[in-house]
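Breakdown of the fold
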Amino acid sequence: MTEQPNRFDPTIPEPAWMDRWLDSGALRGDPSSGREPYVIAIPLPNVTGSLHMGHALNNTMQDVLIRWHRQAGREAEWVCGTDHAGIATQAVVEKNLAAEGIRRADLGREEFLERVWSWKEESGGQIITQQKRLGCTLDYSRERFTLDEGYARAVAEVFVHLYEKGYIYRDRYMVNWDPGLGSAVSDLEVENRTVVDELVEIAYPLTSGEGEVIVATVRVETMLGDTAVAVNPDDERYRDLIGQTVTLPLVGREIPVIADDHVDPAFGTGALKVTPAHSGDDFEIARRHGLDEVSVIGEDGRMTDLAGAYAGLTIAEAKRAVFDDLQAAGAIRTVREYSHDVPFSHRSGERIEPLLSLQWFCRMDELAGPAIEAVRSGRVRFTPERFGRVYLDWLENIRPWCVSRQLWWGHRIPVWYRGDEVHVGTEAPDGEGWERDPDVLDTWFSSALWPFATQGWPDATPELARFYPGDVLVTGRDIIFLWVARMVMMGFEFMGDIPFHDVVINPIIQAPDGRRMSKSLGTGIDPLELVDEHGADAVRFGLLLMASTQDVRFNEQRVLQGGQLVTKIWNATRLVTARGGRAGSPAPELRTVADRWIASRLADTVTAASRLIDEYDFSKLADTLYHVVFDDFCDWYLELLKAETASPDVAGYVWEQLLVLLNPVMPFVTEECFTFMPGAEGMLLTHPPAQAPWGEDPAACRAVESLIQVTSELRTFRQSRDITPRTELSVALAEAPPDLPREELAAIARVAVVDDAGDNPYTVPLVAGRILIARDAASVDVEAERARMGREIATVEAELARAEKKLANSSFVERAPAHLVTAEREKIVAHRAALTALRADLDELNATTA
RNA sequence: GGGCAGUUAGCUCAGCGGGAGAGCGCCCGCCUCACACGCGGGAGGUCACUGGUUCAAUCCCAGUACUGCCCA
């Protein structure tokens, strides 16, 4: 064993420790070990991604869990890998190509995909390396990619199965068309933004020639595809018109006026133009009434042939032209500004174009049933609990999922066509002339299979048998619908069981100013830079401290606090070993009150830490460990050890246990320190869990609490009288708590315990009782002392008055619990005694100096 | 429009029926034989507002005002 250096540079040993953990084989879960598995599937990062603050927190939380349970003897498997991330990855490669002046279409599908694969091999998956820097003990040996061969087989299998069950179907239906992407996207990939548009009122003349109906729209160009005008059946203004027809201006089509409850009489004129092919709401109305669906806008963002004279124009051009023509025809009534919410694509940021398109959908109702029941029954539990409600609300109102995407990078839909024939299967059909569906599946379709596809499904592998279901999912609330709910649904459908029993929602860490942390806003903070600066342990600790049940602003001070703990751990190790503390020994004998106290504190901490892990309260866990190290172990126990009122073997034993407890949170410094403890064997990574075989010792705790209280009072006394810490005070403890450990007090507070504090001593009141300090009359500043005593007396008088007032309230005495009433009575006795003593002191002071 | 959070010390956050806590910052002492990246002492809060329940409310209930997020 080498000697422990004076100072610790956290960044130096980190890579070495990661290598040792990897070499140990302990990160690879062994399905044949016979131990109870503990499995976490990581929220798979995009292969294009790099580690941001959200990942850093999320991954640290998981690493704490996996390390804790690994120490506890569970067969730990933390599933590792990346997502092919269809849109994001394709976009990166397209951007690189654009720099060379090449477009995707120039290359063709095959060659483009080759480029994507080679990009993936060279530049993808950087995040895996970054996870190692954070100290994450993922099973890197089983790293998976959602587009690797086995995974692709699972995806095709799932598609075919769902198709055969009738859940997956192809339909021409209203979709969210993302013009920037040139693809449909799901409802979940759309966000509403408030925009100001021009609301135009257009007059549609009644075909009968008697009057007109005025409709309002922000999408003038879509009037070319109108197939009805709808009014509310209860709207008096239009009651007579229902059943009549109007003639569509510019187009000349005769379209009916229909009644539908969905129409809001208060909006616009109360008459709604119905464009089934280009509005979700209108589409619903049209399906209810069997109206024609006329698509006037195509997937290329241009007007179709059905738009007649406007065919080929872009949407913007058509908008202008139609408006001008309506104006010329005298059909425009009013134009005004109108603020409303419209959908935008999460992906491209462009305004969504709702249109009819032939796509693959998955019906979700049946799949949702068991997933709803799992959470309702508590088999799957959310932390914080309220997110279970969010999950249920969505599943209870679930709609079909558009699973096809018009991209190249992804799982190609396993469907082949030949004329009117359709073949759905994991393999291409026999025979000539079959063409495969060009579309790929929504990336979330494949990530929904993550918990079992990573274990070899559909093959019956040993891993699948042991590592499914997993235990915990730790993730962000933004993907409760996109991912969590779908994993539960797919888990039931294909494994017949839940994928995990706990879902822990990690908070979102905002920028220090409260804005979102984002690269584009320039508000991002790179966790790896923090690791460079402060070390991974400090960053992990700081993030955990920030991890409450609500969103928090990033606070670098928490990372600094982690850095302080790292230093403290380092130095405490030096002291413990210098005093002869060892690791690897059996539980030692407790010889002193200090020993009994720290043993009790350890027992308490082991219990608390275990409970906090079970409750996923990482912030409290970090805080608890911080305070037991700083306050209990270093501030008091090590001081008592230096004063030789505690035992080195106990110090060594307790410190080893504390290092074990701290290890899941701060793996690097604890492993490093452990190596400097004589007798230490192996790594903390696989060390047995912390033990405190003595249980709690309330008597020792009370004694040390008295010691701490009296010591603190004496320190305050010194400070207020400008008495240096080195000056020994003579203190009479006659009225101090009887269990106050005197030898310890003498050593730690630098006092001489005397029987008689002489004439006219200082009185220091305690919570219960008081101590007397001998006075050196020569050093007294009489005026200052008189003032201090006056303040002291006033404080105690106020306390006394408060207690008396409480007891004077008969309702309190009658209704409050007896122990509280008793406590107040005892306070009165103590306060009166203290007052008597203080007043006597003051009289004495006045008398001797008069 | 519906829902969910939040409003506590200068800052970031805990606490959640019986006398307000932490870390940092601030002020004052200490180079005390592990640590000055340290130790000790201290100042600093009508716990957003208004009502209600209770012997007792920062904590429970109702409402108001802001702030953030989700769904439509």
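Residues numbered from 1 in each chain as written. Chains lettered and ligands numbered in written order. Predicted model: local features only at pLDDT ≥ 70, side-chain atom pairs only at ≥ 80, totals over all residues. Heavy atoms only, no water.

As a further point, take the overall build of chain A. Across its full length, chain A holds 27 helices and 29 strands. On the principal axes, the C-alpha backbone points of chain A span a range of 115 × 65 × 50 Å. Buried residues in chain A amount to 53% of all 850 residues. If you sum the accessible surface of chain A, you get close to 37400 Å²; carbon and sulfur atoms cover 48% of it. Taken together, the 86 basic and 134 acidic charged side chains of chain A have centroids lying 4 Å from each other. (Helix = DSSP H or I, 4+ residues; strand = E, 2+ residues; numbered from the N terminus. Buried < 20%, exposed > 50% of the residue type's maximum accessible area, 1.4 Å probe, protein only. Areas by Shrake-Rupley, 256 points an atom, 1.4 Å probe, with all protein chains shown as cover. Lys, Arg positive; Asp, Glu negative; His and termini not counted. Charge placed at Lys NZ, Arg CZ, Asp CG, Glu CD.)

Further remarks concern the protein's contact with RNA strand B. Close to RNA strand B lie 43 residues, the nearest being Ser-548, Arg-553, Glu-799, Arg-802 and Arg-815. By atom count, sugar and phosphate contribute 58% of the portion of RNA strand B lying within 4 Å of the protein. Asp-341 places a side-chain nitrogen or oxygen 3.0 Å from a base nitrogen of RNA strand B. One nitrogen or oxygen atom from the main chain of Arg-553 is found 2.5 Å from a phosphate oxygen belonging to RNA strand B. At the level of elements, β25 (552-553), α18 (556-578), α20 (618-642), α23 (698-721), α25 (782-808), α26 (810-815) and α27 (818-849) are the ones that each hand at least two residues to the surface near RNA strand B. Here the surface near RNA strand B gets 10 residues from one element, more than from any other, and that element is α18. Partitioned by chemical class, the residues of the surface near RNA strand B number 11 nonpolar, 15 polar and 17 charged. (Near = heavy atom within 4 Å. Polar contact = N/O pair within 3.5 Å; in protein donor to acceptor, adjacent residues only side chain to side chain. Nonpolar A, V, L, I, M, F, W, Y, C, P; charged D, E, K, R; others polar.)

Before going further, it helps to examine the pairing of strand β22 (residues 472-476). Side-chain positions along a regular strand alternate between the two faces of the sheet. Most of β22 is tucked away: five of the five residues are buried. Covered by surrounding structure in β22 are Val-472, Val-474 and Gly-476 together with Leu-473 and Thr-475, the residues of both alternating faces. Across five bridges, the pairing between β22 and strand β23 (residues 502-506) is parallel. Along β23, the bridge assignment pairs Leu-473 with Val-503. Handedness of the crossover joining β22 and β23 through helix α15 (residues 480-495): right-handed. (Pairing = 2+ DSSP bridges. Right-handed = clockwise from strand over helix to strand, strands pointing away.)

Strand order in the open sheet formed by three strands is β8-β7-β13, with antiparallel pairing between adjacent strands. What marks the edges here is a single partner per strand, and that holds for β8 (212-217) and β13 (332-345). Each neighbouring strand pair of the sheet contributes to a mean axis angle of 25°, computed without reference to strand direction. As paired strands, strand β7 (residues 190-205) and β13 are joined by 13 bridges and run antiparallel to one another. Bridging from a neighbouring strand, Asp-197 pairs with Tyr-338 of β13. Set on the sheet, helix α9 (residues 315-328) makes contact with β7 and β13; between it and β13 the angle comes to about 160°. (Axes fitted to C-alpha atoms, helices over the stretch in contact; angles between N-to-C directions. Contact = heavy atoms within 4.5 Å.)

For α25, which comprises 27 residues, the first-to-last C-alpha distance of 38 Å matches the rise-based estimate of 39 Å (1.5 Å per residue) to within 8%. Within the span of α25, buried status applies to Glu-785, Met-789, Ile-793, Val-796, Leu-800, Ala-803 and Leu-807. (Expected span 1.5 Å × (residues − 1).)

Taking strand neighbours across the sheet as the criterion, the four strands line up as β27-β26-β29-β28 in an open arrangement whose pairing is mixed. Every other strand in the sheet has two partners, leaving β27 (751-754) and β28 (762-765) as the edge strands with one partner each. Strand-to-strand twist of the sheet, defined as the mean angle between neighbouring strand axes without regard to direction, takes the value 35°. Taken together, the four bridges between strand β26 (residues 729-732) and β27 define a ladder with parallel strand orientation. Each residue of the ladder has a partner; that of Leu-729, found in β27, is Val-751.

The predicted model of chain A averages 90 in pLDDT, with 99% of residues at 70 or higher. Overall fold confidence for the complex sits at a pTM of 0.91, while the interface term, ipTM, reaches 0.96. (pLDDT = per-residue confidence, 0-100.)

This part is about unusual backbone geometry. In this structure, the amide linkage connecting Thr-383 to the following residue, Pro-384, adopts the cis form with an omega of -5°. Residue placement: Pro-384 occurs in the loop between β15 (381-383) and α11 (386-396). The omega torsion across Tyr-468 and Pro-469 is -5°, close enough to zero to call that bond cis. Note that Pro-469 resides in the loop between α14 (462-467) and β22. Here the phi dihedral of Tyr-616 falls at roughly 60°; this positive angle occurs in a residue that is not glycine. When you line up the elements, Tyr-616 lands in the loop between α19 (593-614) and α20. Phi at Asp-722 is positive, roughly 60°, even though this residue is not glycine.

A complete count under the given rule lists 27 aromatic pairs for this structure. For the pair Trp-401 and Phe-445, a centre-to-centre distance of 5.8 Å together with 40° between the ring planes defines the contact as tilted. Of this pair, Trp-401 sits in strand β16 (residues 401-402) while Phe-445 sits in helix α12 (residues 443-447), placing them 44 residues apart in sequence. Pair check on accessibility: Trp-401 and Phe-445 agree, each one buried. Residues Phe-633 and Trp-655 carry aromatic rings whose centres are separated by 4.8 Å and whose planes lie at 20° to one another, so their mutual orientation is stacked. One end of the pair, Phe-633, is in helix α20; the other, Trp-655, is in helix α21 (residues 648-662), and 22 residues separate them in sequence. Residue Phe-633 shares its accessibility class with Trp-655, and that shared class is buried. Pairwise contacts between aromatic rings join Phe-159, Tyr-163, Trp-360, Trp-401 and Phe-445 into one cluster. (Phe/Tyr/Trp six-rings, centres within 6.5 Å; stacked < 30°, edge-to-face > 60°.)

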